[in-house]
Amino acid sequence: MISFSSVFKRYRGGQDVLRGVSLKVGAGELVFVTGQSGAGKSTLLKLIPAIERPSAGTVIVNGQNVSALKPSAIPFLRRNLGLVFQDQKLLYDRSVFDNLMLPLSFSGLAPKEATRRARAALDKVGLLGREKANPIQLSGGEQQRLAIARAVVNRPAVLIADEPTANLDAEAAQRVLEIFVAFNQVGVTVLVATHDMALVRRYGTRVLRLAAGQVTEDVPA
Amino acid sequence: MRAWLRHHRMALRAALGKLAGQKAGGMISALVIGVALSLPAGGYALLEGLVSLAGGVALEPQVSVFLKADASKADADKLAARLKADPRVGGVRFVPREEALKELQGEDGLSDVVAALDRNPLPDAFVIRTRDANPQVQNALAQELRGLPSVSHVQADALWAQRLASLARLGRLAVLLLAALLAFGLVAVTFNTIRLQILTQRDEIEVSKLIGATDAYIRRPFLYLGLLQGLAGGVLALGIVWGGLGLLNSEVRVLAQTYGSSFEFGFLARGDALAVMLFAAGLGWLGASLSVRRYLLEIQPK
């Protein structure tokens, strides 16, 4: 599903953030990417939807060489990936419901079908009934769940989340992780970056440990 | 196909919503466009009115030959024979002085003046239609006739028509130049309003790019916004011209009546009015597309 081979990433004028990362994630896997901040977790995840491009090496997603993708093809790659951003990137000028309608509008879905999907996504993350609220009125955990709902509303095969439990209390964090586990159980490939090792160990899934831009440990499920 | 149409409908609705939602901002831009465009459009309407008024006076270029007041009937007959023999002359009409006076009496407002005269001050005259409408031929003929002893004065209307035509051309060119200059200004106005709109929607654009919106999708509502703003400006310009001409005409009618004329300025022809609207809409679209090209590229989410 996702494969990296000898991927290097250097930001302009900076150090190498990734130094020869090679890994493979199969369809239907649930993988936690751990490591201290600055280890390269975020960069690793950003290479998959081509938000960043590798300086060297290749990234292949679903058979497509993402590192060589034309800019005009990138939107279609991203539609097949569910992305949960570290800073969530919710829009606070519109309701919870309209936040979900945004990705649905790109694909030109009929309004009835779009509404149905939005409600289904809200239901999955336990936010049904909050459609009319503004995201600012939601708690931190609820905002994170809304971000997840927006990522999955187009039914992607891959879900990628960068530090989804940062700034959440233990209870909210666990609730968020359980949502990822539930999606994985229905066949979605899930990649979650987190620095919270204690939380990760509880699930007994595959763990990739990054340190200084290299994979130092690959613990299978 | 249906998805594509739905995208366009959504973009149009979003643009309409923005135009209505901004109230002040978008409407002020449309007002600027309208006022600016009303200048060349109104100038054009005035010019066309004046040209049609003047054109009615000297529609067909002709040469008028006035004989000296003391010229005899024999002199007139000699000249008539000479003119008929000239290959350049297509037709000659002799206007005896008595007939000229009668014609003058028939003119608006002059009958009193004519009645007050104690003798006929008008000379005999020939009105010549040349075979060739070329003003050079007419001028050459007029020059020759001026040299004859019995002729007092020759008037070549071709010159008149020529001057009028070149004045009209000059006026049209000035209007066109004005329109071209203002067009640049209008593109700049739209460029700027769309830029501001892009900046206020920066978050939405950034998120949309991140989760799979194509550039065309993101661009579309802004292009429609520019188009609609231009179109609104065009309609406003026509409204200003219409209202302005209406005000002018109420005075022009009074003035024209004193000359016994029913002249008034006509509104732009339907085709011209349509052209103004399309022109304004096109400028709006152009300004928006330049702005979008410049600023949407800048937004590259990380």
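It should be emphasised that the depicted structure is a prediction, and the values quoted were computed from it without experimental measurement. (Residues numbered from 1 in each chain as written. Chains lettered and ligands numbered in written order. Predicted model: local features only at pLDDT ≥ 70, side-chain atom pairs only at ≥ 80, totals over all residues.)

Caption draft 1: Quick peek at the environment of G42 of chain B. Residues and elements named next belong to chain B. With respect to the helices and strands, the residue G42 is situated in helix α2 (residues 24-57). Distance from G42 to L238, taken between C-alpha atoms, is 8.4 Å for residues 196 residues apart in sequence. With sequence-adjacent residues up to four places away left out, G42 is seen in contact with V241 and G244. (Helix = DSSP H or I, 4+ residues; strand = E, 2+ residues; numbered from the N terminus. Contact = placed C-beta atoms within 7 Å.)

Caption draft 2: How the structure looks around the interface of chain B and chain A. Facing 17 residues of chain B, the contacting portion of chain A comprises twelve residues. Listed by contribution, the elements that provide at least two residues to the side of chain B that touches chain A are α1 (2-22) and α8 (202-210) of chain B. Grouping the amino acids of the side of chain B that touches chain A by side-chain chemistry returns nine nonpolar, four polar and four charged. (Nonpolar A, V, L, I, M, F, W, Y, C, P; charged D, E, K, R; others polar.)

Caption draft 3: The arrangement of the domain arrangement of chain B in detail. In terms of domain boundaries, chain B breaks down into domain 1 (2-57 + 162-296) and domain 2 (63-132). The centre of domain 1 of chain B, based on its C-alpha atoms, is set 53 Å off from the matching centre of domain 2 of chain B. (Domains from an automatic or database assignment.)

Caption draft 4: Fine view of the pairing of strand β2 (residues 16-25) of chain A. Residue and element names in this part refer to chain A. Note: strand β1 (residues 2-10) against β2, seven bridges, orientation antiparallel. When the bridges of β2 are listed, F8 appears paired with R19. Once β1 ends, the chain turns through five residues before running back antiparallel as β2, passing G13 with a positive phi of about 70 degrees. (Pairing = 2+ DSSP bridges.)

Caption draft 5: Structural detail: the sheet that holds strand β2 (residues 89-95) of chain B. Residues and elements named next belong to chain B. Read from one edge to the other, the open sheet built from four strands follows the order β2-β3-β1-β4, with strand pairing classed as antiparallel. Every other strand in the sheet has two partners, leaving β2 and β4 (151-156) as the edge strands with one partner each. Recorded for the sheet is a direction-independent mean angle of 20 degrees between the axes of neighbouring strands. Bridge count between strand β1 (residues 63-67) and strand β3 (residues 125-130): four bridges; the pairing is antiparallel. The residue bridging S64 from the neighbouring strand is V127, located in β3. (Axes fitted to C-alpha atoms, helices over the stretch in contact; angles between N-to-C directions.)

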